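The primary structure of each chain is shown beneath.
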Amino acid sequence: MCLRMDTNGSLYVQAKTQLTEYLEKRHMRKTPERFEVLGAVCQMDDIFSIEQLSEKMRKDSSFQVSRVTLFNTLETFVDAQLVIKHTLQRASLYEKSIDKRPRVCMVCHQCGLVKRLEKVEVTRFLNEIKTRQFFVRQPVLYLHGLCRKCEMARRKEIKMREKKLTTKK
Ligand SMILES: [Zn+2]
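Every residue gets a number counted from 1 within its own chain, in the order that chain's sequence is written. Residue-level local features of this predicted model are given only where pLDDT is at least 70; pairs of side-chain atoms are given and counted only at 80 or more, and the full residue set underlies all totals for whole chains, interfaces and linings. In computing side-chain properties, one takes all heavy atoms of the structure into account and sets aside hydrogens as well as water.

Visitor: Any chance you could explain the sheet that holds strand 3 (residues 103-108) here in plain terms?
Guide: Hydrogen bonds between backbone atoms are what pair the strands of a sheet, whose relative direction is either parallel or antiparallel. The rule for pairing is simple: two strands pair if DSSP sees at least two bridges between them. Segments assigned H or I by DSSP are reported as helices when at least four residues long, segments assigned E as strands when at least two residues long, and all are numbered from the N terminus. A sheet is described by the order of its strands in space; here three strands give the open sequence 4-3-5, paired in mixed fashion. Each of the sheet's edge strands pairs with one partner strand only, and the pair in question is strand 4 (114-116) and strand 5 (140-145). Across the sheet, the mean angle from the axis of one strand to that of its neighbour is 25°, orientation sign disregarded. Think of each axis as a best-fit line through the C-alpha atoms, taken over the contacting stretch in the case of a helix, with angles from 0 to 180 degrees between the N-to-C directions.

Here's what the structure looks like:
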């Protein structure tokens, strides 16, 4: 199967144009692998790890790309501003960013979960940030904290500890 034309068609067409321009400007080769990986990236709906992308390629693509090639291709996409790289404490995660719309990410410092927050007010606010000292190219905002699961576990642990203390008395 080929990932270069499937669902998300128009997004891929837009991304392909951007990548073609980028590669031509830098006299880089327009290898089919690069475009195949781009097709896979376009089909990733959320934030993804290199393993998840590799898994998608393995399942849905006739191209078998090594991890190193995948990593290097993603780095090219980051430079071409087609992908955002979230460099977080545990691992690097990626996300397509072809439309350049602002992103708000919630990062759990306990389990490393990264989720997107969809709030119109915040994205509008991020869109409107203008300063002469800095030119925003990819607006990304990170909110650090605990995900629901980790927060619940934390509360449970506190309760248990309190219980132990009271029974000791
Ligand atoms: Zn968590």
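Visitor: It is not clear to me how the packing of aromatic side chains should be interpreted in this structure. Could you clarify?
Guide: For any pair of aromatic rings, the description consists of the separation of the ring centres together with the inter-plane angle of the planes. Here is the rule: rings of Phe, Tyr and Trp (six-membered ring for Trp) pair when centre to centre is within 6.5 Å. Planes less than 30 degrees apart are stacked, more than 60 are edge-to-face, and the remainder are tilted. What the rule picks out here adds up to one aromatic pair. For the pair Phe48 and Tyr94, a centre-to-centre distance of 6.2 Å together with 25° between the ring planes defines the contact as stacked. Here Phe48 is found in the loop between helix 2 (32-43) and helix 3 (50-60), whereas its partner Tyr94 is found in strand 2 (residues 92-96), with 46 residues between them in sequence. The exposure classification of Phe48 matches that of Tyr94, with both residues buried. Partly exposed residues are those whose accessible area sits between 20% and 50% of the maximum for their type, while under 20% is buried and over 50% is exposed, using a 1.4 Å probe and protein chains only.

Visitor: How should the coordination of the zinc ion be read in this particular structure?
Guide: Each pair of donors in an ideal four-coordinate tetrahedral metal site encloses 109.5 degrees, whereas pairs in an ideal six-coordinate octahedral site enclose 90 or 180 degrees. Each metal's donors comprise the N, O and S atoms found within 2.8 Å of it (within 3.2 Å for Na, K or Ca). Water is not part of the atom list, so some coordination spheres may appear incomplete. Coordination of the zinc ion by the protein is provided by Cys108 (SG), Cys111 (SG), Cys147 (SG) and Cys150 (SG), with metal-donor distances spanning 2.3 Å. Under this scheme a four-donor centre is tetrahedral when all angles range from 85 to 135 degrees, a four-donor centre is square planar and a six-donor centre octahedral when opposite donors are above 155 degrees with the rest from 65 to 115, and any other centre is irregular. Classification of the site at the zinc ion as tetrahedral follows from its four donor atoms and the range of 102 to 116° in their angles at the metal. When the donors of the zinc ion are listed by position in the chain, the intervening gaps give C-x2-C-x35-C-x2-C. Residue Cys111 is located in the loop between strand 3 and strand 4, and its partner Cys150 is located in helix 6 (residues 148-168); the two are separated by 39 residues in the primary sequence.

Visitor: Even after reading the chapter, I still don't get the pairing of strand 1 (residues 83-87), so can you show me in this structure?
Guide: Consecutive residues of a regular strand have side chains that alternate between opposite faces of the sheet. Two elements, strand 1 and strand 2, share five bridges in a ladder whose sense is antiparallel. Bridge pairing links His86 to Leu93 in strand 2. Connecting strand 1 to the antiparallel partner strand 2 that follows it, the hairpin turn spans four residues.

Visitor: So what exactly am I meant to see when it comes to the pattern of salt bridges here?
Guide: Oppositely charged side chains are able to pair whenever their charged atoms sit close together. A pairing counts as a salt bridge when a side-chain nitrogen of Lys or Arg comes within 4 Å of a carboxyl oxygen of Asp or Glu. Applying the stated rule across the entire model yields eleven salt bridges. Here Arg155 makes a salt bridge to Glu151, at a shortest N to O gap of 2.9 Å. Note that Arg155 and Glu151 are positioned in helix 6 at a spacing of four residues, about one turn of the helix.

Visitor: Just to check I follow, could you spell out the state of the cysteines for this structure?
Guide: Each disulfide consists of one covalent bond between the sulfur atoms belonging to two cysteines. For this text, the term disulfide refers to a pair of cysteine sulfurs within 2.5 Å. Overall, the coordinates contain zero disulfides when judged by the stated rule. The structure places no disulfide on Cys105, whose sulfur is separated from the nearest cysteine sulfur, that of Cys108, by 14 Å. Here Cys105 falls in the buried class, since its relative accessible area comes to 0%.

On their own, these measurements won't tell you what the molecule is for.
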